[in-house]
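Summary of structural features
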Amino acid sequence: MTRSFSLLTKTYRGDASLFGELCESIDEHMPEIEHYVLVDGGDFPLFAEFSGDRRHIIDCSRELPRFKELDVFGRRIWWRFPHRIVRGWIFQQIARLHFASRLDCDAVVSVDSDAVFVRPIDPHQVFDGKRIRFFKVPDRPSGPAAESPKWHDAASDALGLPKVGYTGHDYITTTLVWSPAIVRDLLEHISDLWNRPWHDVLIRPFRFSECVLYGVYASFVAKDIEAHLSPTQQTMCHISWGYDLELRAERLRFARDIADHQCAIVVQSNLGLDRSTRNEIIELVRDQVRAKAA
């Protein structure tokens, strides 16, 4: 039996042009894949044009109606009545967890809006037989070393585990594979544990990572997880962390360093590169992929 996966992206108006490049790359390499795109209610008209037979633009204000979108001096925040103000970064993660839990496909691949695919996703990167891949790297902090213990403590607290700081593995990457069934179990566990809606629990901490939450749940809480998830240290995405892409030599090094198992790249939107430099990097990577395939 063929197992199915979908793509999931949460984006916003500031990444609209980069998101267009992501869509073009998906349509080129994986036109048959369902792509679900979460956008804030205020941004929905801007992204509606990207909708298609297999690309679905989802208005988060309809998915999470109790989160009210506010614009405060040009900064977007949310009000979860009657509880508290919610930062955009937290709301973004709540939206991804909520929507992933509703999907009926076997796996979902979360893709950032500043990513570009340079070849199709190999199904073996998503599935290991009947199991779904689970990104898990030992002895590496999740993100900045100073933040990692806080993210792990937030996850542990939500799951009813002791707060011990960093729990031993990194679970964060771009182009990340999740099991919607595991996400459903995770959110149900939190709601049952706290006897309240799961998102009310997750909006409490100032710092939170849905990737760490999923990883800690799978590692320390879920039952019989070995039958459902297959740990891997491979990432599908070649990321621009650690490269000074202002320099031509570093752009060439970045292109050369893409691994055979990596199907996408992320040139981070917050690097402030001009469009011509970004396009040059993408073409260098594509040239490298074509050369390897020849």
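1. Overview of the environment of Arg55
Assignment of secondary structure puts Arg55 in strand S3 (residues 55-59). Exposure remark for Arg55: the relative accessible area of 8% places this residue in the buried category. Along the chain, Arg55 and Ser156 lie 101 residues apart, while their C-alpha atoms are 35 Å from each other. Those residues in contact with Arg55, other than ones at most four positions away along the chain, are Phe19, Cys23, Ile26, Asp27, His35, Val37 and Phe50. Polar contacts involving the side chain of Arg55 include one to the side chain of Asp27, which spans 3.0 Å.

2. Quick look at the environment of Cys211
As for its position among the elements, Cys211 is in helix H8 (residues 210-220). On the basis of relative accessibility, which here comes to 12%, the residue Cys211 falls in the buried class. For the pair Cys211 and His124, spaced 87 residues apart in sequence, the C-alpha to C-alpha distance is 21 Å. In this structure Cys211 touches Tyr171, Ile172, Leu176 and Trp178, once residues within four positions along its chain are discounted.

3. Digging into H8
Counting buried residues along H8, nine of its 11 residues qualify, which places the element largely inside the surrounding structure. Where H8 begins, the capping side chain belongs to Ser209, and its oxygen is found 3.3 Å from the backbone nitrogen of Cys211.

4. Re helix H5 (residues 148-158)
Buried residues of H5: Ser148, Trp151, His152, Ala154, Ala155, Ser156 and Ala158, and no others. Buried-residue contacts for H5 involve strand S12 (169-170), helix H6 (180-194), helix H7 (198-202) and H8. Residue Gly160 follows H5 closely and has a positive phi angle near 80°.

Thresholds, definitions, all that
Residues numbered from 1 in each chain as written. Predicted model: local features only at pLDDT ≥ 70, side-chain atom pairs only at ≥ 80, totals over all residues. Heavy atoms only, no water. Helix = DSSP H or I, 4+ residues; strand = E, 2+ residues; numbered from the N terminus. Buried < 20%, exposed > 50% of the residue type's maximum accessible area, 1.4 Å probe, protein only. Contact = heavy atoms within 4.5 Å. Polar contact = N/O pair within 3.5 Å; in protein donor to acceptor, adjacent residues only side chain to side chain.

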